Amino acid sequence: MKINLLTIVLCIVTSSVVHAQSGIDSLLQVLDRKIQDKDLFFKQKEDRILGLKAQRNALMKSSDKGYHFNFALFNEYRTYVSDSAIHYLNMNRTIALELKDENKWNESTIALANLFVGLGMHMEAADLLGSIQSATLENDLRLPYAIAYRELYLGMGKYTQHTQARSSYWTQANHFNDMVRNLAPAMSEEHLRIVEKKFRLQKQYVDALKVNDERLRLTSPNQLGYALVTFHRSLIYREQGDVENEKKYLALSALSDIQLAIRDNASISVLANILMQEDDINRAYHYICFSLDNIKAYNTRIRSSEILTIQAIIDREYQRKNEQKSQQLKGLLLLVSILSVMLVISVLYVYKQLKKGRAYANKLADAIQELASFNSKLHDMNQELASRNLEVAEANHLKEEYIAYFLGECSIYITKLDNYRKMVNKKMQERQYEELARMTRDNSLKDEELKELFANFDRMFINLFPDFVDQVNSLLSKEEQIVLKKGEVLNTELRIFALIRLGIVDSLEIANFFGYSINTIYNYRTKMKNRSRVSREDFEGRVKEIGAFT
């Protein structure tokens, strides 16, 4: 009876898992089709924008109505093309000045500051919000004003490199978050979002999901808020370790973004990262490229200036893997040839024995059996050879896509450099020397670019060597294991030895890549050798042997 009950339970669990996996696969197939149809959704968005522009142009003489249509155009462009969104908000600020309407001025300024925060333009956003007299704000603007300041300090806290400043920013963010919670109606989206986040951070996941259910009732897949609500739901499932539900709601969020032509999205890139870890490389790469295309069209931030370095490393690695595949194929061909010779020898031997008469009948039967065995092995080898050929073809295909992608990025970066040169030349002609001096003293752009460089390098490297961290830890003493922080793919130590794994062993080259001194790189290498459970002399050699193929 107990055995039958256990069998029934196992069948139910297995059926549920298979059904869930089938549902995710179907959802991803729908997402694939929607990405193919993206131009249709962009066309629908452009048609709405053209309609609003036509109505606006018909009412050009009315500043008040023009203000209304400018805001409608801003809302269309806000998640579509950031430059256009900024343009229409600036037009509204000009209208507010002409009308001497302080409320319209404050409304447009708050919206522009909020947009700047999303674009990473924190200093500009802070200047805009600082120009507002909060005491004169009307009641309907106090909530968006508090939200803008909360998002500003959250962004500054996230990206600052100054520890003490970060603590101050978090404190300010919490202050304005409390203000938002007090101003927002109890069952409003903004209030429920704060409550849900609090439950999630306190690991009260059941309560967080209940609040998210309430948020879902307030929206639908054809509304802007749906993608954000489902994205937040995926965060809850991620912290619970429920990968299938995390993928499900990331896919639902991405579907909503695509159908509403929202280019400023996060869900599809997070989903691509999960698929990459699950070895669904083709789909993950397709999603990442789609996400990057959206980011470039939305114009949210400058791409990495060091992308050429990553492209060269990936190119060399794929060439090495192709050479490795070729060597394996040569070995298989040699083995097939040997088996073929053995087959011929066996056939000749059987033929010779047949001539000697029936006395050798039993030996002939054994030879026939041996021949069948050789034929079976030959068949297996042919199948293996065909499989290897497919792997090489797939590797070449991925290599071509990666190279094409990175060459395209290089072309974009060259264009950006030329635009930057033109901007500098223009400022020199206009004698804006102080502005140029300020720009050259500011290292934030370099720091952001380096951070993005390392993030791209980490992602591409782990794609090539998915078990690299575990393999390195296997070479270290038990008490010296490397534990990555939350959100980290590689830390500095692992990144240095990732370069060594790719054949870059010269400390000067590694130092140039990181912007460190040679002594710093030497110290990192020495410390890692001291932590090794194998001999210091063999450690780096063992790291070089780590590979994704065996």
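The shown structure was predicted, so the numbers you read here are calculated from the model rather than taken from an experiment. For every chain, the first residue of its written sequence is number 1, and the numbers climb from 1 along that sequence. Residues qualify for local features only when their pLDDT is at least 70, as the model is predicted, and side-chain atom pairs are given and counted only at 80 or more; totals for whole chains, interfaces and linings, by contrast, use all residues. Heavy atoms throughout the structure, all of them, feed into the side-chain values; hydrogens and water do not.

A look at the overall build of the protein
Right, on to step 1. Helix and strand labels come from DSSP, where a helix needs a run of H or I of at least four residues and a strand needs a run of E of at least two; each type is numbered from the N terminus. A tally of helices and strands in the protein yields 23 helices and zero strands.
Right, on to step 2. Classification of the 550 residues of the protein by burial places 40% in the buried group.
Right, on to step 3. Two residues form a contact once any of their heavy atoms are found within 4.5 Å. For the protein, restricting intrachain contacts to residue pairs at least 6 apart in sequence, the fraction spanning at least 24 positions comes to 65%.
Right, on to step 4. Using a 1.4 Å probe, accessible areas were evaluated by the Shrake-Rupley method; residue-level cover was limited to the displayed protein chains. Surface exposure of the protein reaches about 31,300 Å², of which carbon and sulfur atoms provide 55%. Residue burial is assigned from relative accessible area. The probe radius is 1.4 Å, only protein chains are included, and a residue is buried under 20% of its type maximum, exposed over 50%, and partly exposed in between.

Structural notes on the nonpolar core
Right, on to step 1. Think of a nonpolar core as a cluster: buried Ala, Val, Leu, Ile, Met, Phe, Trp, Tyr and Cys residues, connected wherever their side-chain atoms sit within 4.5 Å. Among the nonpolar cores identified, the biggest contains 44 residues, and Phe74, Leu115 and Leu129 are the most heavily contacted of them.
Right, on to step 2. When contributions to this core are tallied by element, the ones reaching two or more residues are α2 (38-58), α3 (63-77), α4 (82-99), α5 (102-118), α6 (122-130), α7 (139-159) and α8 (163-183).
Right, on to step 3. In terms of residues, this core owes the most to one element, α7, which gives nine residues.
Right, on to step 4. Residues within four places of Leu129 in sequence aside, it is in contact with Ala113, Tyr145, Ala148, Tyr149 and Leu152.
Right, on to step 5. Core analysis: the next-biggest nonpolar cluster, separate from the first, contains 34 residues, Ala208, Leu255, Ile258 and Leu271 among them.

A few points about the packing of helix α21 (residues 507-514) against helix α22 (residues 518-530)
Right, on to step 1. Each axis is a line fitted through C-alpha atoms, and for a helix only the stretch in contact is used; angles between axes span 0 to 180 degrees, taken between their N-to-C directions. Where α21 contacts α22, the axes come no closer than 8 Å and their chain directions differ by 110°. As far as their axial angle goes, α22 and α21 are roughly perpendicular. Of the residues in α22, those in contact with Ser507, Leu508, Ile510, Ala511 and Phe514 of α21 are Ile518, Ile521 and Arg525.
Right, on to step 2. Residues are grouped as follows: nonpolar covers Ala, Val, Leu, Ile, Met, Phe, Trp, Tyr, Cys and Pro; charged covers Asp, Glu, Lys and Arg; every other residue, Gly included, is treated as polar. Across the contact of α21 with α22, the residue classes tally to six nonpolar, one polar and one charged. Oblique is the label for any angle not covered by the other classes, which are roughly parallel (under 35 degrees), roughly antiparallel (over 145) and roughly perpendicular (65 to 115).

Some thoughts on the pattern of salt bridges
Right, on to step 1. By definition, a salt bridge exists where a carboxyl oxygen of Asp or Glu is found within 4 Å of a side-chain nitrogen of Lys or Arg. Per the counting criterion, the structure on display carries 25 salt bridges.
Right, on to step 2. For Glu151, the salt bridge is made with Arg150, and the minimal N-O distance between the two is 3.0 Å.
Right, on to step 3. Taking the relative accessible area as the measure of exposure, Glu151 reaches 27% and is therefore partly exposed.
Right, on to step 4. Between Lys247 and Glu278 there is a salt bridge, and its shortest N-O distance comes to 3.0 Å. Of this pair, Lys247 sits in helix α12 (residues 243-259) while Glu278 sits in the loop between α13 (267-277) and α14 (281-298), and the two are 31 residues apart along the sequence.
Right, on to step 5. The class for Glu278 is partly exposed, based on a relative accessible area of 37%.
Right, on to step 6. Connected via shared salt-bridge partners are Arg150, Glu151, Glu189, Glu190, Arg193, Glu196 and Arg215.

Topic: the side chain of Glu246
Right, on to step 1. When you line up the elements, Glu246 lands in helix α12.
Right, on to step 2. When residues no more than four places from it in sequence are discounted, the contact partners of Glu246 are Ser234, Tyr237, Arg238 and Ile274.

Comments concerning the confidence of the model for the protein
Right, on to step 1. Values of pLDDT, ranging from 0 to 100, describe the predictor's confidence in every residue of the model. In the predicted model, the protein carries a mean pLDDT of 81, and 83% of its residues have values of at least 70.
Right, on to step 2. The model gives residues 1-19 a pLDDT under 50, and that stretch makes zero contacts with residues more than four places away or in other chains.
Right, on to step 3. Confidence drops under a pLDDT of 50 for residues 302-322, and excluding neighbours within four residues, the segment shows 61 contacts in the predicted structure.

Details of α14
Right, on to step 1. One fewer than the residue count of a helix, multiplied by 1.5 Å, yields its expected span. An ideal rise of 1.5 Å per residue puts 26 Å on 18 residues; α14 measures up with 25 Å between its terminal C-alpha atoms.
Right, on to step 2. For α14, the set of buried residues is Ile281, Arg283, Ala284, Tyr285, Tyr287, Ile288, Cys289, Phe290, Ser291, Leu292, Asn294 and Tyr298.
Right, on to step 3. Positive phi appears at Asn299, one or two residues downstream of α14, with a value of about 65°.

A closer look at the packing of aromatic side chains
Right, on to step 1. Ring pairs shown here join Phe, Tyr and Trp side chains whose ring centres sit within 6.5 Å, with only the six-membered ring taken for Trp; geometry is labelled stacked below 30 degrees between planes, edge-to-face above 60, and tilted in between. Per the counting criterion, the structure on display carries 20 aromatic pairs.
Right, on to step 2. Residues Tyr237 and Tyr249 carry aromatic rings whose centres are separated by 5.7 Å and whose planes lie at 20° to one another, so their mutual orientation is stacked. In this pair, Tyr237 sits in helix α11 (residues 224-240) while Tyr249 sits in helix α12, placing the two residues twelve residues apart along the sequence.
Right, on to step 3. We classify Tyr249 as buried; its relative accessible area is 13%.
Right, on to step 4. Members of the aromatic cluster, joined through ring pairs, are Phe454, Phe457, Phe461, Phe465, Phe468, Phe513, Phe514 and Tyr516.
Right, on to step 5. Above the plane of the ring of Tyr249 lies Arg233, whose end atom (NZ or CZ) is 5.1 Å from the centre.
Right, on to step 6. Any Lys NZ or Arg CZ that is within 6 Å of a ring centre and within 35 degrees of that ring's normal is treated as a charge sitting over the ring. If you follow Arg263 out to its NZ or CZ, it ends over the ring of Phe42, 4.5 Å from the centre.

Brief notes about the side chain of Ser507
Right, on to step 1. Along the chain, the position of Ser507 falls in helix α21.
Right, on to step 2. Since its relative accessible area comes to 17%, Ser507 is described here as buried.
Right, on to step 3. Every residue in contact with Ser507, bar those within four places of it in the chain, is listed here: Ile518, Ile521 and Arg525.

Focus: a nonpolar patch on the surface
Right, on to step 1. Nonpolar side chains collect at one region of the surface, where Leu334, Ile338 and Met342 lie side by side and expose about 260 Å² of accessible area between them.
Right, on to step 2. Note that Leu334 resides in helix α15 (residues 307-355). The patches reported here contain residues having more than 30% relative accessible area and no salt bridge. Joining distances are 9 Å for like charges and 5 Å for nonpolar side chains (Val, Leu, Ile, Met, Phe, Trp, Tyr).

Overview of unusual backbone geometry
Right, on to step 1. Positive phi is not limited to glycine here, since Lys203 has a value of about 60°.
Right, on to step 2. With respect to the helices and strands, the residue Lys203 is situated in the loop between α9 (189-201) and α10 (205-217).
Right, on to step 3. The exposed category is assigned to Lys203, whose relative accessible area is 59%.
Right, on to step 4. We note that Ala261 has phi near 55°; this positive angle belongs to a residue other than glycine.

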